[in-house]
Amino acid sequence: MYEIIFLGTSASAPSARRGLAAQVVKHDEYRFLIDCGEGTQRQILQSGIGFKRLNTILITHGHLDHILGLAGLLSTFMRWEAIEELEIIGARGALERIHDLLYGVVLRGAQPPMSIRLREIGPGVFFEGEDFTVSAFNVSHRGADCLGYLFEEKTRRPFLAEAAEALGIPAGPWRKDLVAGRPATLPDGRTIDPESVLGPARVGTRLVHVGDAGVTSNLVDVARDADCLVIEATYLEEEADMARQYAHLTARMAAELAATAGVKKLILTHISRRYREKDVLAEAEAIFPNVSVARDLDMFTITR
Ligand SMILES: [Zn+2]
Ligand SMILES: [Zn+2]
């Protein structure tokens, strides 16, 4: 299960109701801030989630509407919030610009009280928790070096307690081995095959997050059968030419991707202030009914 909290849902510039791109994905005790547009720290306060353990930041790309908030956030971390490490993860192009912002503008030679790690990644798994992974994939937007993020719980097989009872498997380390898929030799000398106490594989929850994107054809595979796809919808079809010119999606393009990939739930964000929310929703709903247009401070729970 994941929770996603939208801190900012506006495209390019803030509107009266929407701040710039930022969202938090939570899984157990893990928290990831994805993008950090200007004003993000105030949204963190408004949302009530607090700054604690909010020191792993994933960046989709280096456009200013996705990174400018890092300057203020670092400034706050330096003065008010005790954290040991700030880790900012993204592709090279984004990190170069973030480096300039943090070291050239905020720090200017000052020594921060915490370690700052700019971690360059490419496509593939870059974070592994006990029961889930986070991986990056390429996204086509203006310029190279745009990444999307896939949060994926590991497939697991439930332990069949009744079967274990019937086989007389005592509580203790033997059960732990069997849960991990290893055969266990009991004190009475019998060896138990894990197959006899594990149920059928259960695929974990998958949450796909795409920031800005110009095309969707290369996103179908990663989004296939996802429990939730979060993606931008900057334009409506009536301005599809502009969408193409600036390498953004229309609500219709996002909905068509969701339908083609067979996702369960679609959440649109990065909404332009040129449109009414209900028009964005209507355009997407006509193609993919299970869609929401995120508002600032909305929270969604994503389960299988
Ligand atoms: Zn953007
Ligand atoms: Zn962009």
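About the criteria used
Residues numbered from 1 in each chain as written. Chains lettered and ligands numbered in written order. Predicted model: local features only at pLDDT ≥ 70, side-chain atom pairs only at ≥ 80, totals over all residues. Heavy atoms only, no water. Helix = DSSP H or I, 4+ residues; strand = E, 2+ residues; numbered from the N terminus. Buried < 20%, exposed > 50% of the residue type's maximum accessible area, 1.4 Å probe, protein only. Contact = heavy atoms within 4.5 Å. Areas by Shrake-Rupley, 256 points an atom, 1.4 Å probe, with all protein chains shown as cover. Lys, Arg positive; Asp, Glu negative; His and termini not counted. Charge placed at Lys NZ, Arg CZ, Asp CG, Glu CD. Pairing = 2+ DSSP bridges. Axes fitted to C-alpha atoms, helices over the stretch in contact; angles between N-to-C directions. Arc of directions from axis to C-beta. Donors = N, O, S within 2.8 Å, 3.2 Å for Na, K, Ca; no water. Tetrahedral: all angles 85-135°; square planar, octahedral: opposite > 155°, others 65-115°. Right-handed = clockwise from strand over helix to strand, strands pointing away. Polar contact = N/O pair within 3.5 Å; in protein donor to acceptor, adjacent residues only side chain to side chain.

Undergrad: In this structure, what is going on with the overall build of the protein? I would like to understand it.
TA: The secondary structure content of the protein amounts to ten helices and 16 strands. Residues counted as buried form 52% of the 304 residues belonging to the protein. For the protein, long-range pairs separated by at least 24 residues make up 62% of all intrachain contacts whose partners lie at least 6 apart in sequence. When the accessible surface of the protein is summed, it comes to about 14,200 Å², and 49% of that surface belongs to carbon and sulfur atoms. Placing the 34 positive and 41 negative side-chain charges of the protein at their respective mean positions leaves the two points 3 Å apart.

Undergrad: What am I meant to see in the sheet that holds strand β15 (residues 291–293) here?
TA: Whenever strands of a sheet pair, they do so through backbone hydrogen bonds, lying parallel or antiparallel. Within the open sheet, the seven strands sit side by side as β7-β8-β9-β12-β13-β14-β15. Their pairing is mixed. Either end of the sheet is taken by a strand with one partner, and the two such strands are β7 (124–128) and β15. Put simply, the sheet's adjacent strands are angled 20 degrees from each other on average, direction ignored. Sheet topology places strand β14 (residues 266–269) next to β15; three bridges connect them, and they run parallel. Across the sheet, the residue bridging to leucine 268 is valine 293, located in β15.

Undergrad: I'm lost on helix α9 (residues 251–261) in this one. Help?
TA: Along an α-helix, residues three or four apart share an orientation, since each turn contains 3.6 residues. Within α9 the residues assigned to the buried category are Ala251, Ala254, Ala255, Leu257, Ala258 and Ala261. All buried residues of α9 fall inside an arc of 155 degrees around its axis, so they share one side. Tucked inside the fold, the buried residues of α9 contact α7 (220–223), β13 (228–232), β14 and α10 (277–285). Residue glycine 262 follows α9 closely and has a positive phi angle near 70 degrees.

Undergrad: Got a minute to help me understand the coordination of the zinc ion (ligand 1) in this structure?
TA: In a perfect tetrahedron of four donors around a metal, the angles come out at 109.5 degrees. In a perfect octahedron of six, they are 90 or 180 degrees. Protein coordination at the zinc ion (ligand 1) comes from Asp65 (OD), His66 (NE2), Asp212 (OD) and His270 (NE2), with a distance range of 2.1 to 2.2 Å. One way to put it: the four donor atoms around the zinc ion (ligand 1) meet at angles of 92 to 161 degrees, and that makes the site irregular. Here the donor residues for the zinc ion (ligand 1) map to a single chain with the spacing D-H-x145-D-x57-H. The metal-metal distance between the zinc ion (ligand 1) and the zinc ion (ligand 2) comes to 3.6 Å, with aspartate 212 coordinating both. Here aspartate 212, found in the loop between β12 (206–209) and α7, pairs with histidine 270, found in the loop between β14 and α10; they are 58 residues apart in sequence, far enough to count as distant. There is no split in this pair, since aspartate 212 and histidine 270 are both buried.

Undergrad: Sorry if this is basic, but what is going on with the coordination of the zinc ion (ligand 2) here?
TA: Distances from the zinc ion (ligand 2) to its protein donors, namely His61 (NE2), His63 (ND1), His141 (NE2) and Asp212 (OD), fall within the range 2.1 to 2.3 Å. In this structure, the zinc ion (ligand 2) is coordinated by four donor atoms arranged in irregular fashion, with angles at the metal of 89 to 169 degrees.

Undergrad: Honestly, the pairing of strand β5 (residues 85–90) in this entry has me stumped. Any pointers?
TA: Two faces, one strand: in a regular strand the side chains alternate between the faces of the sheet. For β5, the tally of buried residues reaches five of six residues, placing the bulk of the element in the interior. Across three bridges, the pairing between strand β4 (residues 56–58) and β5 is parallel. Looking at β5, one finds that isoleucine 57 is bridged to isoleucine 88. In the sheet, β5 pairs with strand β6 (residues 115–120) via six bridges, with the strands oriented parallel. Of the residues in β6, the one forming a bridge with isoleucine 89 is arginine 119. Handedness of the crossover is the feature at issue here: the chain leaves β5, passes through helix α4 (residues 92–107), returns alongside β6, and the resulting connection is right-handed.

Undergrad: Explain the pairing of β7 here, please?
TA: As defined by bridge partners, β7 adjoins strand β8 (residues 132–138) across four bridges and the pair is classed as antiparallel. Across the sheet, glutamate 128 pairs through a bridge with threonine 133, a residue of β8. Here β7 folds back onto β8 in antiparallel fashion, the turn holding three residues.

Undergrad: It is not clear to me how α4 should be interpreted in this structure. Could you clarify?
TA: When α4 is considered as a whole, its buried residues turn out to be Ala94, Leu95, Ile98, Leu101, Leu102 and Leu107. Seen from one end, α4 has its buried residues packed into an arc of 125 degrees, which puts them on one side. The exposed set on the far side of α4, more than 90 degrees from its buried face, consists of Asp100 and Val105. The inward-facing, buried residues of α4 contact α2 (64–67), α3 (69–79), β5 and β6.

Undergrad: Got a minute to help me understand the environment of asparagine 290 in this structure?
TA: Its location among the elements puts asparagine 290 in the loop between α10 and β15. On the basis of relative accessibility, which here comes to 38%, the residue asparagine 290 falls in the partly exposed class. Apart from the residues lying within four places of it in its own chain, the contact partners of asparagine 290 are Lys264, Lys265 and Leu266. In terms of polar contacts, asparagine 290 uses its side chain to reach the backbone carbonyl oxygen of lysine 264, at 2.7 Å.

Take it as geometry only, folks, not as evidence of what the structure does.
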